[in-house]
Amino acid sequence: MIQEASLIIWDEAPMISRYAFEAVDRTFRDILKSTVHCSRSRLFGGKLFVLGGDFRQILPVVTKGSREQTVAASLPNSTIWDHCRVLHLTRNMRLTAQDIPDQTRQELRDFAEWIKLIGEGKIQGTSFSEGREPNWIQIPERFLIRNGERSLHMLIESTYPDFTNKYQDIGYIQERAILAPKHDDVDEINNIMLSMLPGEMRIYNSADKLCPTEHEINDHESNDQDMHPPELLHSLNFPGLPNHCLKLKVGTPIILLRNVNLSLGLCNGTRIVVKMGNQVIEAKVVTGSRAGEIVHLHRAVLSPSSTHSPFTMKRRQFPIKLAFSMTINKSQGQTLKNVGLYLPNSCFCHGQLYVALSRVTSPRGLKILIVNKPDNRDGQEGYYRLEEFGAEQMVAEEDGRPEE
Ligand SMILES: Nc1ncnc2c1ncn2[C@@H]1O[C@H](COP(=O)(O)OP(=O)(O)OP(=O)(O)O)[C@@H](O)[C@H]1O
């Protein structure tokens, strides 16, 4: 297939480590050496690649990495970048609607400009204490849900209006989500919304097992199950891995955490709605070209993709997570009519706020709840502290290259 391909399209390229591109480059040179003239000395063995993406969005994740390490792992720091021709897309098509009054058109333009300034780190900031960085940005009043006892419920109600009557409508579920920076925040909202759904709750528990180390396999030793009993393994949650205890009701939207069946359109990030089952989960696809189709999911043996724990484990569970709410990183690439942005924590990496704000098709579909914790003493209601660094560094690098 690689030998016969005339064009390879790689989307969301800025979030991939430069080392992945370099590995693919070497692999292609190797594979194509018998069919393409001088493939060894040509980038990607002479195959044409189109890399798509936006450097204002999330960059490669370097676990516990510094800003410098993240930038160093990015594509513009690879020698591959010297061979890339940069083409700029300048219109925000997501915010482009036809046949709308001039006033609304201007509102969309202003909103697109505001998002762009945030993405490029050029938004005017404020400082509330002397000597501090001016990194508090004011969020326009019309997007804000004010802090208070019911603020989280208000965010849910504004993103999912008339939820209990409409939750069975696929179109309704398809076009909305609550986004948050961290998995814990997402789980909090998902649990609240699951409790709002009528009907019986089913619980699907995983079977967890410790993986033997190489040493234990070679020496036929039994592994350390006693030190890591199942109860301990059940209590562990990893990004990208379903939790041990999965609670579902009929009508719950879920998101796939793995590529399950590409030919059926069931890939990592596809959203589906649960219809239920015992050994398998019957569900209806919500997003993509297969929207509306019924599919069956089964349990799979999964391992955390990266872990800092001193052991590795396997979890047998459905590769899914509730999707009333999802992390901002997971939402990259999605287009939504209603976005509720829940910010009980600052975004922790470059581009997250920009990605969250730019999922929405109209400013009228955006609501933001900022919870400034007591340790953010210098903060004020309606302001958000931009901790992640802006895109100036990446954009500056990009501008140095040939463009069209
Ligand atoms: N030429 C176009 N005309 C009309 N609508 C468009 C056009 N291009 C894209 N759109 C719409 O804009 C939205 C975003 O498109 P798409 O997901 O392809 O953008 P993207 O650049 O991949 O965004 P991101 O990487 O930020 O997720 C979609 O709803 C799509 O239908």
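For the structure given in this document, a descriptive report is provided here. Keep in mind the model is a prediction, meaning the values are calculated, not measured. (Residues numbered from 1 in each chain as written. Predicted model: local features only at pLDDT ≥ 70, side-chain atom pairs only at ≥ 80, totals over all residues. Heavy atoms only, no water.)

Remarks on the site of the ligand
Around the ligand sit E12, Q57, M93, R94, G333, T335 and R359, and that is every residue in its neighbourhood. Interatomic distance of 3.0 Å between a side-chain N/O atom of R94 and an oxygen atom of the ligand. A distance of 2.9 Å is found between an oxygen atom of the ligand and a side-chain nitrogen or oxygen belonging to R359. With the chains in place, 45% of the 630 Å² that the ligand exposes on its own is no longer accessible. Each residue belonging to the shell around the ligand can be placed in one class, and the counts come to one nonpolar, three polar and three charged. (Near = heavy atom within 4 Å. Polar contact = N/O pair within 3.5 Å; in protein donor to acceptor, adjacent residues only side chain to side chain. Areas by Shrake-Rupley, 256 points an atom, 1.4 Å probe, with all protein chains shown as cover. Nonpolar A, V, L, I, M, F, W, Y, C, P; charged D, E, K, R; others polar.)

A few points about the nonpolar core
One finds L248 and L353 to be the most contacted residues of the largest nonpolar core, which totals 74 residues. Among the elements that take part in this core, helix α3 (residues 102-119) stands out by supplying six residues, more than any other. (Core = buried A, V, L, I, M, F, W, Y, C linked by side-chain atoms within 4.5 Å. Buried < 20%, exposed > 50% of the residue type's maximum accessible area, 1.4 Å probe, protein only. Helix = DSSP H or I, 4+ residues; strand = E, 2+ residues; numbered from the N terminus.)

A closer look at the sheet that holds strand β13 (residues 313-317)
In space, the three strands of this open sheet follow the order β6-β13-β12, with antiparallel pairing throughout. Single-partner strands in this sheet number two, and they are β6 (207-210) and β12 (300-302). On average, each strand axis in the sheet is inclined to that of its neighbour by 20°, with strand direction left out of account. Judged from the three bridges that link them, β12 and β13 form a sheet pairing that is antiparallel. From the neighbouring strand, L302 faces β13, where its bridge partner is R315. (Pairing = 2+ DSSP bridges. Axes fitted to C-alpha atoms, helices over the stretch in contact; angles between N-to-C directions.)

Notes on the pairing of strand β1 (residues 7-10)
Across the two faces of β1 the burial differs, with I8 and W10 buried and L7 and I9 not buried at all. Sheet analysis places β1 next to strand β2 (residues 48-51), joined by four bridges and oriented parallel. Residue W10 lies in a different strand from β2, and its bridge partner there is L51. Note that the unit made of β1, helix α1 (residues 18-31) and β2 has a crossover that is right-handed. (Right-handed = clockwise from strand over helix to strand, strands pointing away.)

So, helix α7 (residues 183-196)
For α7, spanning 14 residues, the distance from its first C-alpha to its last is 20 Å, which sits close to the expected 20 Å at 1.5 Å a residue. Within α7, burial applies to D185, V186, D187, I189, N190, M193 and L194. (Expected span 1.5 Å × (residues − 1).)

Structural notes on a nonpolar patch on the surface
On the surface, a cluster of nonpolar side chains totalling about 380 Å² of accessible area is made up of L7, I9, L48 and V50. Within the residue set of the nonpolar patch, elements represented by two or more residues are β1 and β2. The topology assignment puts L48 in strand β2. Residue class for L48 comes out exposed when judged on its relative accessible area of 52%. (Patch = residues over 30% accessible without salt bridge, like charges linked within 9 Å, V, L, I, M, F, W, Y side chains within 5 Å. Salt bridge = Lys/Arg side-chain N within 4 Å of Asp/Glu carboxyl O.)

Examining the packing of helix α4 (residues 151-159) against α7
As a packed pair, α4 and α7 sit with axes 12 Å apart at the nearest point and diverge in direction by 70°. By the angle between their directions, the pair α4 and α7 is classed as roughly perpendicular. Helix-helix and strand crossings are classified by hand; for α4 and α7 the assignment is right-handed. Here α4 contributes L152, H153 and I156 to the contact with α7, which in turn contributes E188, I189, I192, M193 and M196. (Parallel < 35°, antiparallel > 145°, perpendicular 65-115°, else oblique. Left-handed = near helix turned anticlockwise from the far one by under 90°. Contact = heavy atoms within 4.5 Å.)

Side note on the packing of aromatic side chains
Applying the stated rule across the entire model yields 15 aromatic pairs. On the basis of an interplanar angle of 80° and a centroid distance of 6.4 Å, the ring pair of F28 and F44 is categorised as edge-to-face. Of this pair, F28 sits in helix α1 while F44 sits in the loop between α1 and β2, and the two are 16 residues apart along the sequence. Judged by relative accessible area, F28 falls into the buried class, the value being 8%. In this structure an aromatic cluster arises from ring pairing among W10, F21, F28, F44 and F49. The ring of Y172 has R176 sitting right over it, with the charged end atom 4.1 Å from the ring centre. (Phe/Tyr/Trp six-rings, centres within 6.5 Å; stacked < 30°, edge-to-face > 60°. Lys NZ or Arg CZ within 6 Å of the ring centre and 35° of its normal.)

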